[in-house]
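# Residue-level structural notes
Chain by chain, the residues run as shown.
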Amino acid sequence: VYAVTGDNVSAAAGRVSFVLGMQGPCSSIDTACSSALAAMHGGAHAVRGSECGAALGMAVSLKLVPYGTLGGASAGMLSLDGRCKTLDARANGYARSEGIGALVVTAGEHRLLLSGSAVRQDGRSASLTAPNGSAQRTLLCKVLSRAALGVSDVGRIEAHGTGTALGDPTEAGALAAVHAAEDRTKSAVIGAAKASVGH
C-alpha cells in the first residue's frame, strides 16, 4: 500500500502538506540543480497572488542508488578528487552530495525580502547539459527588472557554481556582461555555497 503513493515524485509535496495540514498550491518540482530555486519562485508567486499566506519551498537530495553518480562520472562531469572548485582555474567537475534545505516565504511583517524572481530554461545550446550564456543574461535582466533593481544595487551574487570548465566561465561571463552593461564602477562579491556542500 505504501508503494502506491511512495514511489512517485508527485506525492512527495502532498505528503508534507498532509502532515503539516497545509492548504493551497502544492507541487513537486524537478528541475535538477535548480529545483529549490524553482520551488521558491513558485511559492513566492503564490504568496504574492494571495493564493496562500505563506509558502514552504524545500529541496531534498538523496543518493539511494548509484546510477546517477556512475552516469555523471562516465560523462566526465564529476570532480576526480571529490572537491568542487567553483570559479577556480583548477575546476575539474562537481561533487554530489545528500542534503535537505527549506525556506518559508511569507507576506507578513517578519519576512525574507524576495524582491523578484524568475525561472528560465536555456533552450538550445551546445548539448543537453551545456549552459547558454545568452539565456542566462536574459534571465538576469528579467530578475533585476522584476525586482526594480539596478546592477549597482546588488552587492552579493550567489552563483550556481558547478566547478566545471564550461559552466563556471559561462555563468561568470553572463554576470559580467549584465554588470558591464549598466555599471562599470561598482563590484559585487560572487560566491557559491552549494559548491561547499555538493550538488
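Refer to the structure presented above.
Figured I'd write up the structure that's included with this text. Every chain is numbered independently, its residues counted from 1 as its sequence is written. Where local features are concerned, this predicted model is filtered to residues with pLDDT of at least 70; where side-chain atom pairs are given and counted, the filter is 80 or more; whole-chain, interface and lining totals use all residues. The basis for every side-chain value is the complete set of non-hydrogen atoms in the structure, without hydrogens or water.

For the rest of this paragraph, the subject is the overall build of the chain. By definition, any uninterrupted DSSP run of H or I lasting at least four residues is a helix, any uninterrupted run of E lasting at least two residues is a strand, and each is numbered from the N terminus. In terms of helices and strands, the chain carries seven helices and four strands. For the chain, the sequential pattern of α-helices and β-strands runs α-α-α-β-α-β-α-β-α-β-α. Compactness check: the chain gives a C-alpha radius of gyration of 18 Å against a globular reference of 16 Å for 199 residues, within 12% of the reference. For the chain, the C-alpha atoms occupy an extent of roughly 55 × 45 × 30 Å along the three principal directions. When accessible area is computed with a 1.4 Å probe and restricted to protein chains, residues below 20% of their type maximum are described as buried, those above 50% as exposed, and intermediate ones as partly exposed. Per-residue burial for the chain yields a buried fraction of 29% across its 199 residues. Within the chain, residue pairs in contact and separated by at least 24 positions form 67% of the contacts whose partners lie at least 6 positions apart. In these tables, accessible area is a Shrake-Rupley quantity obtained with a 1.4 Å probe, and a residue counts as shielded only by the protein chains included in the view. Total accessible area on the chain is roughly 12900 Å²; 58% of this is exposed by carbon and sulfur atoms. Between the two quantities, the radius of gyration covers C-alpha atoms and the globule rule is 2.2 Å times the number of residues to the power 0.38. We call two residues in contact when some of their heavy atoms are within 4.5 Å.

Glancing now at the pattern of salt bridges. Between Lys or Arg on one side and Asp or Glu on the other, a salt bridge is scored when a side-chain nitrogen of the former is within 4 Å of a carboxyl oxygen of the latter. Under the defined criterion, the tally for this structure stands at three salt bridges. Its salt-bridge partner being aspartate 81, residue lysine 85 comes within 3.0 Å of it at the nearest N-O pair. Under the relative-accessibility criterion, lysine 85 is labelled buried at 12%. Note on aspartate 81: relative accessible area 47%, which makes it partly exposed. Two residues, glutamate 158 and arginine 156, come together in a salt bridge whose shortest N-O distance is 3.2 Å. The class of glutamate 158 is partly exposed, set by a relative accessible area of 46%.

Our next topic: the side chain of threonine 170. Of note, threonine 170 is situated in helix H6 (residues 167–182). Residue class for threonine 170 comes out buried when judged on its relative accessible area of 18%. Not counting the four nearest positions on each side in its chain, threonine 170 is found in contact with Pro131, Asn132, Gly133 and Gln136.

By secondary structure assignment, the location of glycine 68 is in helix H4 (residues 67–74). A relative accessible area of 37% places glycine 68 in the partly exposed class. Through-space distance from the C-alpha of glycine 68 to that of threonine 31 is 15 Å; in sequence the pair is 37 residues apart.

We define the nonpolar core as a collection of buried residues of types Ala, Val, Leu, Ile, Met, Phe, Trp, Tyr and Cys that are connected through side-chain atoms lying within 4.5 Å of one another. Counting residues in hydrophobic clusters, the biggest one holds seven residues: Met40, Ala44, Ala46, Val47, Cys52, Ala55 and Val105. Per-element tally for this core: the top contributor is helix H3 (residues 35–48), with four residues. One finds Tyr94, Ala159, Ala192 and Ala195 within the second-largest nonpolar core, a separate group that totals six residues.

Below, the discussion takes up H3. Taking 1.5 Å of rise per residue, the 14 residues of H3 would be expected to cover 20 Å, and the 20 Å separating its terminal C-alpha atoms lies within 8% of that figure. All of the buried residues along H3 are Ser35, Ala38, Ala39, Met40, His41, Gly43, Ala44, Ala46 and Val47. At its buried positions, H3 is contacted by strand E1 (54–61), strand E2 (99–106) and helix H5 (133–146). A positive phi of about 60 degrees marks serine 50, the residue just after H3. Between the first and last residue of a helix there are one fewer steps than residues, each counted as 1.5 Å, and that sum is the expected span.

Now for the state of the cysteines. Note on terminology: a disulfide is the covalent bond linking the sulfur atoms of two cysteines. By disulfide we mean two sulfur atoms from cysteines, separated by a distance within 2.5 Å. Overall, the coordinates contain zero disulfides when judged by the stated rule. Free of any disulfide, cysteine 26 has its nearest cysteine sulfur in cysteine 52, 11 Å distant.

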